[in-house]
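Listed here are the chains, written in short residue letters.
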Amino acid sequence: MIPSSDYLRDRQIVRGRIAIAVGGVLLLVAILIARLAYLQISQHQRFSTLAQNNRIDFVSMAPVRGLIYDRNGEILAENRRVYNVEILPDRVDDMNQLLGDLGQLIELSEEDVTRFKQLVRRQPSFDRQTLRTNLNEREAARIALHQHRHPGVELQARLQRHYPHGALTAHFLGYVGRINADDLKQIDPRAYRGLEYLGRTGIEAQYEETLRGRPGFERVETDAHGKVVRSLGKTLPSTGLTVHLSLDIEMQRAGMEALRGHRGAVVAIEPSTGDVLAFASEPGFDPNPFVNGISRGGYAHLLGSQDRPLLNRALYGRYAPGSTIKGFMLLTGLQHGIDPGERIFCPGWYSLPNRTHRYRDWKRGGHGWVDARTGIVQSCDVYFYRLARRLGIDHIHQGMSDLGFGRPTGVDLPGEPSGLMPSPQWKHQARGQAWFPGETVITGIGQGYMLVTPLQLAAVTAMLANRGRPVTPRFLVATENPQNRVRQAVAPANAKRAAIANRDFYAYVIDGMRGVVHDRRGTASRLRQGLRYEMAGKTGTAQVKSIPQNERYDESKLEKKHIDHSLFIGFAPLDQPKIAIAVVVENAGAGSRTAAPIARKLIDHYLLNRLGMFPGVDNLDTTVGR
Amino acid sequence: MTGGNPTSPAVDMSLFTAIIMLCALSLLVQYSAGGENPEYLTRQGARIGFALALMLLFARIPPATLLRWSPWFYGAGLVLLVAVLMAGIIGKGAQRWIDLGVVRFQPAEIMKLAVPMMVAWVLTRLPLPPRPLGIIGSVAVVLLPVALVVVQPDLGTAILIAIAGTSVVFLAGIGWKFIVAVLLLLGVSAPLMWSMLLYDYQRLRVLTLLDPWADPLGAGYHIVQSIIAVGAGGLGGKGWLAGTQSRLDFIPERSTDFIFATYAEEFGFLGALILLMLYLFIGLRGLAISYYAHDSYARLLAGGLAVTFFVCVFVNIGMAAGILPVVGVPLPLLSHGGSSIAILMIGLGILMSIRRQRSRL
């Protein structure tokens, strides 16, 4: 058959269009190839990384926090196994129903529930959240029994910090707390992978890095649903180092018990090393509730208490030192050429030339003729008024600062305040006022602007005990790797050189402070009784409220909060001192009355009971004739 | 030279070879995407085998017979579509399947063949190019099944049916003026169709395409994960069975609509090029068969099938590569799914039968 013209024309038309279609197909292929080249060649690196990030996940394994021991191996901070109820919000259909059901099995406070709901709202729903911590055995058992009925509920055994000595150790040891949103801004997230707690205060904060350990992690491959498909490798966590402290928990207990019923602090230091033996601040508080976040009510109660139990008085309490600094004032004087044998007359008051204001001595009738030693032994205020006047505030400021006043001791605790050793410059800067001569006078007896912390007092006392070799108080004695038991001792950081070179000056002052306890007329002579060793000491009575010129100090007429603070510093034994101590008791009257007996009790306890010195020796005090 | 050429082999060997290579790739990538499940593999193998048999069967049916069947075929497809729709209304749920007990299939798939056949049948009643009457008839032939499929709703298949039909109209030599007019009309009515015809989720898919990274975990998730898989494949691919994006379930629909992402991740740019070349070969071979076909009906049908085949490839890969919105269009022969493979193979069989009756090749 000959093709018709229609047939040829039709073929012509369609063939033309097919040619166009071929062009279209080639164009589409070109588009696809260009796009694929872009994705697979030019952008390959980027997508390869994204694919990798998609599938590789790190599951962190929290390290176990290092333990803390006292100097005799008594445990101060440990990790206890506790049971927590955790909930995976993703797997729960009806959260309110579930919380209601769980409320039948375990005790759930309103606060638990509110806190939990907040967490669930803020965190991704596939993150498990803790509903309640610290279940008791019975509650844990009930949850375990009913778990199968509540998908998404998990009973987790976790290690949680526990402080077995509670209030005894709260102030210096501090505590750990749950990591919160503010913390997350500051900490290195890699170092805290998988960790829930960090050291908040005290030793726990100071040695956070040592105690924390290194988190381990497991690289895992996960599918699109976050389910772990297989492990790609593991780095085990390394446990935090064990921390051995200088503190003696029995001394601490004795210190806290001695202070009971008062507000105050006791700091005891081993002079040769700087080891802090006791660091008591009364009243204390139980740190354990803080670990998981103390309840609002509990916290308000602690905060609202008049006695301010949360305040670490030993470290942060700043007190006028009163007469406790007289020995150091004398040291400064000797350094500036004061003749200790020179006698002055004490009529019971002192006045600046051409002034009528009378600076009173604590003893109304006066001490009569007084040399430097008597000035210390009897704590003659007039002697030190005159000494201060003679030295001038600039020399006092320089000398006392050299001895360690007005600057931090360098103890290994966070946030140590420096106290205050006033000077005209300081007053000008801080108050914008000129220095008055009378302020020099009262600085001589540790009144006025001067402020010390109990720790500072103990440190300078230890320095004195060392015959001038300054002491850096320290808590950390050694760290120990719990895995291989390798113990690394920390060398004491005490300075080698004395602040004042002349050893005779120390000998003179120490002799005076020996007299405070051992002389019949010493202000702390009541400590002599039954004393089996020789000691040096100095009482202090810090005025809280200034008494008008025409009135007398009468404790019975004063409010409790205006009664003088009672202070005492001392060390023993005299020749090879084992302990230097500072005691501050708020509003407890004269130093000799409250603080001195506490110091004696603690020194006795340490030397006789803890060190076992002077067994059976009834009375070393030969100056006392019975 | 009328009728068949008895000396021509029933099977176009080059086309057949390309198809077999694609089937082999299909089994490879399906084995990987299916989590190395041998049972899954045998099922896909069985489907491919069945489809190949259908292909060879249709390769033996002369185009003249197909021409005669066209109205019946089309009519039967319409009836089935209505039946599926009725069943859906009664069953209160979307319905796409007809269950014949032994086999379940989607009537909409039939329309991918029946519509180009019917349009070619309509247009070859009169001399080409189509006159207004033929155009109106063709439009009706296309729109009726498209409307029935859109309401299923199965936008992807509806689009393919529409493309299959219009490609035939285009090949029939419809005037350029008319084409421009239709494009203008589409442009003007696009906003209206956007708001009235598309479902919310479909609109979102189009919008997502503009910036999938705006919501990589939500609306953009499919596209983002697919692009990541494709890009991560790089030049040479991660290797067979080693694509993490697909095997760890990051790619959604990894054995069906997004099989290309699975393939491109494991076989890379070079693998994708091989795949594209195979598709290109089949498409061009189809157009060549059309070019040399014996009569207008065969020419139009072969051209329509070839164009549809390739558009299907383009839409699917374009979607997986993030240049087209997500629509449920399978990748020919690679995607998992019995109906679509069977219909494709029948289409390829028809191409072979037209090739047999060629005038000159």
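Residues numbered from 1 in each chain as written. Chains lettered and ligands numbered in written order. Predicted model: local features only at pLDDT ≥ 70, side-chain atom pairs only at ≥ 80, totals over all residues. Heavy atoms only, no water.

Caption draft 1: Up close: the sheet that holds strand β1 (residues 56-61) of chain A. All names here are of chain A. One open sheet accounts for three strands, arranged β1-β8-β9; its pairing is antiparallel. Two strands lie at the open edges of the sheet, namely β1 and β9 (228-235), each paired on one side alone. Strand-to-strand twist in this sheet, taken as the mean axis angle between neighbours without regard to direction, amounts to 30°. Alignment of β1 against strand β8 (residues 216-222), held across six bridges, turns out to be antiparallel. (Pairing = 2+ DSSP bridges. Helix = DSSP H or I, 4+ residues; strand = E, 2+ residues; numbered from the N terminus. Axes fitted to C-alpha atoms, helices over the stretch in contact; angles between N-to-C directions.)

Caption draft 2: Just the packing of helix α1 (residues 13-33) of chain B against helix α13 (residues 338-356) of chain B, in detail. Residue and element names in this part refer to chain B. Running from amino to carboxyl end, α1 crosses α13 at an angle of 165°, the nearest separation of the two axes being 11 Å. When the axes of α1 and α13 are compared, the pair comes out roughly antiparallel. When the axes of α1 and α13 are compared, the crossing they make is left-handed. Note on element contacts: α13 touches α1 through M345, L348, L351 and M352, opposite L15, F16, I19 and C23. Looking at the contact of α1 with α13 residue by residue, the class counts come to eight nonpolar, no polar and no charged. (Parallel < 35°, antiparallel > 145°, perpendicular 65-115°, else oblique. Left-handed = near helix turned anticlockwise from the far one by under 90°. Contact = heavy atoms within 4.5 Å. Nonpolar A, V, L, I, M, F, W, Y, C, P; charged D, E, K, R; others polar.)

Caption draft 3: Focus on the domain arrangement of chain A. Residues and elements named next belong to chain A. Once the domains are mapped, chain A shows domain 1 (59-245) and domain 2 (249-298 + 311-610). A separation of 44 Å is found between the C-alpha centroids of domain 1 and domain 2. Between domain 1 and domain 2, the contact holds 39 residues from the first and 37 residues from the second. Counting the surface domain 1 buries against domain 2, the share from its top three residues, L168, H171 and H244, is 24%. Taken together, the connections running from domain 1 to domain 2 amount to two salt bridges. A salt bridge links R71 to D275; the nearest nitrogen and oxygen atoms lie 3.3 Å apart. Where domain 1 packs against domain 2, one counts 16 residue pairs in polar contact (both at pLDDT 80 or more). Within the residue set of the side of domain 1 that touches domain 2, elements represented by two or more residues are β4 (129-135), β5 (153-162), α6 (170-173), β6 (176-178), α8 (202-206) and β10 (242-245). Counted by class, the side of domain 1 that touches domain 2 contains 15 nonpolar, 18 polar and six charged residues. (Domains from an automatic or database assignment. Buried area = accessible area lost by both parts, 1.4 Å probe. Salt bridge = Lys/Arg side-chain N within 4 Å of Asp/Glu carboxyl O. Polar contact = N/O pair within 3.5 Å; in protein donor to acceptor, adjacent residues only side chain to side chain.)

Caption draft 4: Representation of a nonpolar patch on the surface in the model. Residues and elements named next belong to chain B. Among the surface-exposed residues, F178, V182, L183, L186, M193 and L197 lie close enough to one another that they form a single nonpolar patch of about 520 Å² accessible area. Checked against the element boundaries, F178 lands in helix α7 (residues 176-196). Given a relative accessible area of 35%, F178 falls into the partly exposed group. (Patch = residues over 30% accessible without salt bridge, like charges linked within 9 Å, V, L, I, M, F, W, Y side chains within 5 Å. Areas by Shrake-Rupley, 256 points an atom, 1.4 Å probe, with all protein chains shown as cover. Buried < 20%, exposed > 50% of the residue type's maximum accessible area, 1.4 Å probe, protein only.)

Caption draft 5: Up close: the sheet that holds strand β11 (residues 264-269) of chain A. Residues and elements named next belong to chain A. Spatial ordering of the open sheet is given by β12-β11-β21-β20-β19, a layout of five strands whose pairing is antiparallel. In the strand order of this sheet, the two ends are held by β12 (276-282) and β19 (536-542), each with one partner. Direction aside, neighbouring strands of the sheet carry axes that sit 5° apart on average. Here β11 pairs with β12 via six bridges, running antiparallel. Across the sheet, I269 pairs through a bridge with V276, a residue of β12. Across the sheet, helix α19 (residues 454-465) lies against β11, β12, β20 (565-572) and β21 (579-585), angled at about 150° from β21, the strand it touches most.

Caption draft 6: Focus on the packing of aromatic side chains. All names here are of chain A. Applying the stated criterion across every chain yields a total of 19 aromatic pairs over all chains. Pairing W435 with Y449 gives two aromatic rings, centres 6.0 Å apart and planes at 50°, and the pair type is tilted. A residue pair is termed long-range when its members are at least 10 positions apart, and W435 in the loop between α17 (424-431) and α18 (437-443) and Y449 in the loop between α18 and α19 qualify at 14 residues. Take W435: its relative accessible area is 15%, and that puts it in the buried class. (Phe/Tyr/Trp six-rings, centres within 6.5 Å; stacked < 30°, edge-to-face > 60°.)

Caption draft 7: Main features of unusual backbone geometry. Residue and element names in this part refer to chain A. The omega torsion of the bond from E282 to P283 falls at 0°, within 30 degrees of zero and hence cis. Turning to its location among the elements, P283 is positioned in the loop between β12 and α11 (288-291). Geometrically, the link from A572 to P573 is a cis peptide bond, its omega value of -15° lying close to zero. Of note, P573 is situated in the loop between β20 and β21. Positive phi is not limited to glycine here, since R308 has a value of about 50°. Within the secondary structure layout, R308 lies in the loop between α12 (296-304) and α13 (313-316). In this structure, N354 is a non-glycine residue whose phi angle is positive, near 65°. When you line up the elements, N354 lands in the loop between β14 (349-350) and β15 (359-360). Judged by relative accessible area, N354 falls into the exposed class, the value being 82%.

Caption draft 8: Structural detail: the pattern of salt bridges. Residues and elements named next belong to chain A. As enumerated under the stated definition, the model contains 35 salt bridges over all chains in all. Between E86 and R158 there is a salt bridge; the shortest N-O distance is 3.1 Å. In this pair, E86 sits in strand β3 (residues 75-87) while R158 sits in strand β5, placing the two residues 72 residues apart along the sequence. For R158, a relative accessible area of 25% translates into the label partly exposed. Put simply, R132 and E139 hold a salt bridge, and the shortest N to O gap is 2.9 Å. Bridged by salt links that share partners, the residues R65, R161, E204 and E208 form one connected network.

Caption draft 9: Representation of the state of the cysteines within the structure. All names here are of chain B. Tallied over the entire structure, the rule returns zero disulfides over all chains. Of the cysteine sulfurs around C23, a residue in no disulfide, the closest is that of C312, at 15 Å. For C23, a relative accessible area of 6% translates into the label buried. (Disulfide = S-S within 2.5 Å.)

Caption draft 10: View of the packing of helix α12 (residues 296-320) of chain B against α13(B). All names here are of chain B. One way to put it is that α12 packs onto α13 with a least axis distance of 10 Å and a crossing angle of 140°. The orientation of α12 with respect to α13, classified from their angle, is oblique. As α12 packs across α13, the resulting crossing turns out to be left-handed. Across from A298, L301, A302, L305 and F309 in α12, the residues of α13 making contact are L344, G347, I350, L351 and I354. Across the contact of α12 with α13, the residue classes tally to nine nonpolar, one polar and no charged.

Caption draft 11: Main features of the environment of W72(B). All names here are of chain B. With respect to the helices and strands, the residue W72 is situated in helix α3 (residues 63-91). On the basis of relative accessibility, which here comes to 68%, the residue W72 falls in the exposed class. A C-alpha to C-alpha distance of 9.2 Å links W72 and M118, two positions 46 residues apart in sequence.

Caption draft 12: Representation of the interface of chain B and chain A. Residue-level contacts link 57 residues of chain B with 40 residues of chain A. The interface formed by chain B and chain A contains zero salt bridges. Summed over the shared surface of chain B and chain A, the number is 13 residue pairs in polar contact (both at pLDDT 80 or more). Put simply, the parts of the chain that give the side of chain B that touches chain A at least two residues each are α6 (155-171), α7, α9 (221-233), α10 (244-247), α11 (259-291) and α12 of chain B. Counting residues per element, the side of chain B that touches chain A draws most heavily on α11(B), at 13 residues. Split into classes, the residues belonging to the side of chain B that touches chain A amount to 38 nonpolar, 14 polar and five charged.

Caption draft 13: Structural context of the environment of A278(A). All names here are of chain A. Within the fold, A278 resides in strand β12. For the pair formed by A278 and A265, sequence separation is 13 residues and the distance between their alpha carbons is 9.7 Å. With near-sequence residues (within four places) excluded, A278 lies in contact with L247, M251, Q252, V266, V267 and A268.

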